[in-house]
Amino acid sequence: MKKNNKNIVIFASGSGSNAVKIFDHFKGKDNVNIDCLYCNNPGAKVLKTFKRLNIKTVLFSKTDFENKKILKSLIKRNPDLIILAGFLLKIPKEITIAFKNKITNIHPSLLPSYGGKGMYGQNIHKAVLLNKEKVSGLTIHYVNEKYDDGAIIFQKEVFLDPFETANSLSEKILAEEHLNYSVVIEKLLAK
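Residues numbered from 1 in each chain as written. Predicted model: local features only at pLDDT ≥ 70, side-chain atom pairs only at ≥ 80, totals over all residues. Heavy atoms only, no water.

1. Some points on the packing of aromatic side chains
Alright, step 1. Enumeration according to the criterion identifies nine aromatic pairs in this entry.
Alright, step 2. Relative to Phe87, the ring of Phe60 lies with its centre 6.1 Å away and its plane at 35 degrees, an arrangement referred to as tilted. Of this pair, Phe60 sits in the loop between strand 3 (57-59) and helix 3 (62-66) while Phe87 sits in the loop between strand 4 (81-84) and helix 5 (93-98), and the two are 27 residues apart along the sequence. By the burial criterion, Phe60 is buried, and Phe87 matches it.
Alright, step 3. Ring pairing ties together the aromatic residues Phe11, Tyr38, Phe60, Phe65 and Phe87, which thus form one cluster. (Phe/Tyr/Trp six-rings, centres within 6.5 Å; stacked < 30°, edge-to-face > 60°. Helix = DSSP H or I, 4+ residues; strand = E, 2+ residues; numbered from the N terminus. Buried < 20%, exposed > 50% of the residue type's maximum accessible area, 1.4 Å probe, protein only.)

2. Quick word on the sheet that holds strand 6 (residues 135-142)
Strand pairing in a sheet is mediated by backbone hydrogen bonds. Such pairs are either parallel or antiparallel.
Alright, step 1. Across the sheet, which stays open at both edges, the seven strands sit in the order 3-2-1-4-5-6-7 with mixed pairing between neighbours. At either end of the open sheet lies a strand with only one pairing partner, and these are strand 3 and strand 7 (152-159). For this sheet, the mean inter-axis angle between neighbouring strands, taken without regard to orientation, is 20 degrees.
Alright, step 2. Against the sheet, helix 7 (residues 166-190) contacts strand 1 (6-12), strand 2 (32-39), strand 4, strand 5 (103-107), strand 6 and strand 7, and its axis sits at roughly 155 degrees relative to strand 7. (Pairing = 2+ DSSP bridges. Axes fitted to C-alpha atoms, helices over the stretch in contact; angles between N-to-C directions. Contact = heavy atoms within 4.5 Å.)

Here's what the structure looks like:
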């Protein structure tokens, strides 16, 4: 690995479609190294995918978060950026302090609307539809000790069609996440 490489780690809990898009974006680039994938779900598809891609994976429990095992592991790895890509656990305060403005998350709404505990996946899209919103979107933000509360880095609006469903809205926003998250990450790493 070259000295000027930027190291990133990814946290994911599920299928990992954003994580794979990030891998694909940086594959073959000399200046960015995906060092590791951290996952808290033993049944997550992303674990198998990243093992197949020959990226180191770390499976951990919520207790590992609470007893600072993951904090110690991250300090050893010393990543330039920690990327949350469909990761559902709240990041412990000690990690947000140790890696201030080095942890990003992508959220499928225009924060501060539809953020906070319990606001993830279909819960968000159903709430958006229930409130008869005309616009939703995605937010990329820094992570602090509160859910979906860190400084906003990037937002992209997605307009709702008259017959929008939670599934169709989810697909539209996910497509925009795939187009935008890696580009924003690359810009952050270039700073």
